[in-house]
Structure formats: C-alpha cells, structure tokens
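Residue strings, one per chain:
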Amino acid sequence: MAKDIHAQESVTAFIAKLDSSSTCHYPRNLHCYFFMLLLILPVLSQAQGDWWTKVDSSLLVQLTQKGHAEFLIVLTAQADLRLAKQFNTKNEKGKFVFETASKLAKESQLPVIDRLSQHKVPFRSFWIVNAIWSAGDLALVEEIASMPIVARIDANPVVPLQRLPPDSIVTILPSDRNLTPNSWGLTKINADDVWNSLGYTGSGVVVGGQDTGYEWAHPAIKEQYRGWVNNAANHNYNWHDAIHDTIHFGSNNSCGLNLMAPCDDNNHGTHTMGTMVGAIGESVIGVAPDAKWIGCRNMEEGDGTPTTYIECFEW
C-alpha cells in the first residue's frame, strides 16, 4: 500500500513539475510531444492499476501541460443494432436503433454520471455511441478510467476546417459554363444524365447536412429547406445547433450560440448545401435539386470537435 501511495504522489509531483515548466504544444511540436510522452509513461506505470492504458496519450500530454482538458468517456457496453436489418421500412429501423441505443445509454451511464455529478463537472450524454463528454483534471480522469464499465477515455481535440491553399483556387471559370443552365461541375460528373435518363432528381429525399451552419434564406437553398413551408419558416426538427460555447474561449461568434434558427458563421456550410440541393430558377447548382434539406452546425467559426460532430450525427 505504501508503495502505491508513493507512486501516486510521484505521478502528481511529476505532472506538476512538467506542467510548470513545459513549453511543448501538441500538435504543433510533435517531437516535443513524443518526448513528453516518453517521460510520462514510465512514471504512470508505477501508479496503482492500469487506468492510464485506457487514456488517449494526447489527453495525458494535454493534462500534463494544462492541468485540465475536455474528454470523451467511451463505455464498454455498446448497442447491438444488427437486428435492425429485420425491419422493412426506414421508420421501423430508425425506431429500433433509437430505442435500443438510447435505452442502453440511459441505463449503463448512471454510475459514471453519478461520479461526474459528485465532482460538479460539466457533462453531456450521447447514445448514438455510448459515451459521455466531460472536462476535468488528471485525478478525475484516473478515477473514471479505473471504473470497469469504462472502455477508454479519448481526447476531444479541436479539428479545424481544412481549406485549399489560396494559390490552388481556380478563379477563371471555363468558357463553356454559360452554354448550359447547369453548373459546369454537374455536367462533368454526369448528374444531368441521371436526371434526364433515370428521372432521379432528389424528389422525396431529405438531405441532412452538418457543417459550419447554413444561411437558410439564401436564394439557392431557401425553397429546398424543409423548414420553409407556405412562405413561413419552422425550424423545429429541421435545424439543430451543437455549438454551445466558443471553441476558442474568449472569442465572440458572429452568429451566436445555441441558435434556434440556422446561421452560417463561416459560409462553408451554405456552399456545401448548395452543392447538394441548390437551384435558382432554371439554373441548377446542386446534384439533387428537388430534394429537401435539414441541417446542424458542428463547427464554430470553422473549428469543431469530435463531440460537436457526434451531437449532430445523433440529431
């Protein structure tokens, strides 16, 4: 027991020393990151139990540097959805998946939620994958990782939108674009052949997008928005915002947070939805111009995290 206590104290002291002196930043300095990891793992191996083997190595480094981090607790129990294939309709399959996965999450997450509540830390439950988002220090991560019902604890890194470099963007449109009412790109992928020969234009289909948000009243996508009916907007069940706080703390978001109506704080989402369903009069922009769309914002000014993506997928 004395050895275990000494090991725990050594871990705490080592972490504190690194936290006060480290200038290593992941992922900008990968060499430094791996060097820190090599320093941390031998010390952790002296600690009681093997809890640290369940923890993402990048999360360990982040906790070492900053003392606090967001993380995703993934439970061992995951829903078995293979029986969904026995149902014939999409509604039946969807109902089975939702009820099975949400029931398992509600029942199996209780012990973890109790621990998090005791520590008065924020958390958010998911059912599409049996996992819980939270934030805290190394001691909390150790406590949660030590629970047998927890499979692993992943980091929740900021994932920036990858844009093309400025010098790779073609600014001169092909000369034959004005010869067709359709977008040049659509004819290149033969989308017009699918419309004309097979009659598939997206009619009866609802496209679900998740991106930087959507300028729903943009003329190229407004009429296709499922929430626009009889010249009135109804965003219920047609829009969800997974951005509850700024990704980069201290900054302001141009659209705001927890939005009840669609907004695009980066313009990327509006562009992608136009590619999917866009049309203005006789000019077709999207691959499925007769489809309807609904949307979720999973990025804040172009930056998202695994949990914002999971929340949108769940919605």
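Figured I'd write up the structure that's included with this text. (Residues numbered from 1 in each chain as written. Predicted model: local features only at pLDDT ≥ 70, side-chain atom pairs only at ≥ 80, totals over all residues. Heavy atoms only, no water.)

Description of the sheet that holds strand β6 (residues 206–211)
This is how it is decided: Here the rule is simple: two strands pair whenever DSSP picks up at least two bridges between them. Each helix is a run of H or I in the DSSP string that is no shorter than four residues. Each strand is a run of E no shorter than two, and both are numbered from the N terminus. Angles run from 0 to 180 degrees between N-to-C directions of axes, and those axes are lines fitted to C-alpha atoms, restricted for helices to the stretch in contact. Only heavy atoms enter the contact rule, under which two residues are in contact if any of them lie within 4.5 Å.
Reading across the sheet, the three strands line up as β6-β12-β9 and stay open at both edges, with parallel pairing between neighbours. Each edge of the open sheet carries a strand with a single partner, namely β6 and β9 (239–241). Adjacent strand axes in the sheet meet at a mean angle of 15° when their direction is disregarded. Two elements, β9 and strand β12 (residues 292–297), share three bridges in a ladder whose sense is parallel. Directly across from His-240, in β12, lies its bridge partner Cys-296. Set on the sheet, helix α9 (residues 268–277) makes contact with β6 and β12; between it and β6 the angle comes to about 155°. Each of β6, β9 and β12 touches helix α10 (residues 306–314); the most contacted strand, β6, lies at about 165° to it.

Quick look at the pairing of strand β2 (residues 123–126)
As paired elements, β2 and strand β3 (residues 131–136) share four bridges and run antiparallel to each other. Looking at β3, one finds that Arg-124 is bridged to Trp-133. Between β2 and β3, which pair antiparallel and follow one another directly, the connecting turn spans four residues.

Observations concerning the state of the cysteines
The condition that has to hold: Here, two cysteine sulfur atoms that lie within 2.5 Å of each other are counted as a disulfide. Burial classification: accessible surface area is computed with a 1.4 Å probe over protein chains only, and a residue below 20% of its type maximum counts as buried, one above 50% as exposed, and the rest as partly exposed.
Evaluation of the coordinates by the stated rule reveals two disulfides. Between the sulfur of Cys-255 and that of Cys-263 lies a disulfide, 2.0 Å long from S to S. Torsion about the S-S bond of the Cys-255 and Cys-263 cystine: about -70°, corresponding to left-handed handedness. Assessed through its relative accessible area of 18%, Cys-255 is described here as buried. In this model Cys-296 forms its disulfide with Cys-312; the gap between the sulfur atoms is 2.0 Å. Looking down the S-S bond of the Cys-296 and Cys-312 bridge, the torsion is -75°, so its handedness is left-handed.

Taken by themselves, the reported measurements are silent on function.
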